[in-house]
Amino acid sequence: MSNVENAEQDDLHFKLLTLYDCIDKIMPLMKTPDIYEIYANADGRIWTLSNAVGKKRTDIVMEPIEVRNIIQSVAALDDRIIDDVDPKLDAKIPGNPEFPMCRFHGTLPPTVLNPVMNIRKHSTVIFTLEDYLNQGTITKQQYDILVEAIRKKKNIIAAGGTGSGKTTLLNA
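Calculation criteria
Residues numbered from 1 in each chain as written. Predicted model: local features only at pLDDT ≥ 70, side-chain atom pairs only at ≥ 80, totals over all residues. Heavy atoms only, no water. Helix = DSSP H or I, 4+ residues; strand = E, 2+ residues; numbered from the N terminus. Buried < 20%, exposed > 50% of the residue type's maximum accessible area, 1.4 Å probe, protein only. Contact = heavy atoms within 4.5 Å. Areas by Shrake-Rupley, 256 points an atom, 1.4 Å probe, with all protein chains shown as cover. Lys, Arg positive; Asp, Glu negative; His and termini not counted. Charge placed at Lys NZ, Arg CZ, Asp CG, Glu CD. Pairing = 2+ DSSP bridges. Axes fitted to C-alpha atoms, helices over the stretch in contact; angles between N-to-C directions.

Draft legend 1. View of the overall build of the protein. Check the secondary structure of the protein and you find six helices and six strands. Ordered by position from N to C terminus, the α and β elements of the protein give α-α-β-β-β-α-β-β-β-α-α-α. Overall, the protein is about 50 × 45 × 30 Å in size when its C-alpha atoms are taken along their principal axes. Looking at the protein residue by residue over its 172 residues, the buried ones come to 31%. Expressed as a percentage of contacts within the protein between residues at least 6 apart in sequence, the contacts between residues at least 24 apart total 42%. When the accessible surface of the protein is summed, it comes to about 10900 Å², and 54% of that surface belongs to carbon and sulfur atoms. Separation between the mean location of the 20 positive side-chain charges and that of the 23 negative ones in the protein comes to 10 Å.

Structure (structure tokens):
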């Protein structure tokens, strides 16, 4: 490995350690396999979404500076600067032994009153179309239509709101 590659690896390692320090308060949530979404509202309250419980407010409250630090640490992973001029961030947090890869969205003032963020962990469970059929999520007719469309390599559009299962369905 060259000196440049070593320096880049060291830089990434340092940025990840900084991020892990920033997310220390929510690390138990990040490590919980059933929790797939963690978010901080402008009031600093931390909420989760899980398969078992659904939407739940936790007892964790973060100060605006703590949420800002997380947003800026994630931005640093992509060598980006998030500030008043560019207050929105969409990025990925690399997977590691503690938790899977995550999609991240953060927004800073003046777009919002206080910093807000959303962390969506990539699922470690992949559902099949047969799972959807067996669980009653789709009918046999819908299953047959999807299987035929896939077999014929047809385009399929998945539309829906945030957290409605578009990506999970398309991965089935």
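Next comes the rest of the account.
Draft legend 2. Molecular detail of the sheet that holds strand β2 (residues 45–50). Read across the sheet, six strands follow the order β3-β2-β1-β6-β5-β4 without closing on themselves; strand pairing throughout is antiparallel. Lying at the two open borders of the sheet, with one neighbouring strand each, are β3 (54–61) and β4 (88–93). The mean inter-strand angle of the sheet, taken between neighbouring strand axes irrespective of direction, is 15 degrees. Across the sheet, helix α3 (residues 64–77) lies against β1 (35–40), β3, β4, β5 (102–107) and β6 (116–121), angled at about 65 degrees from β4, the strand it touches most.

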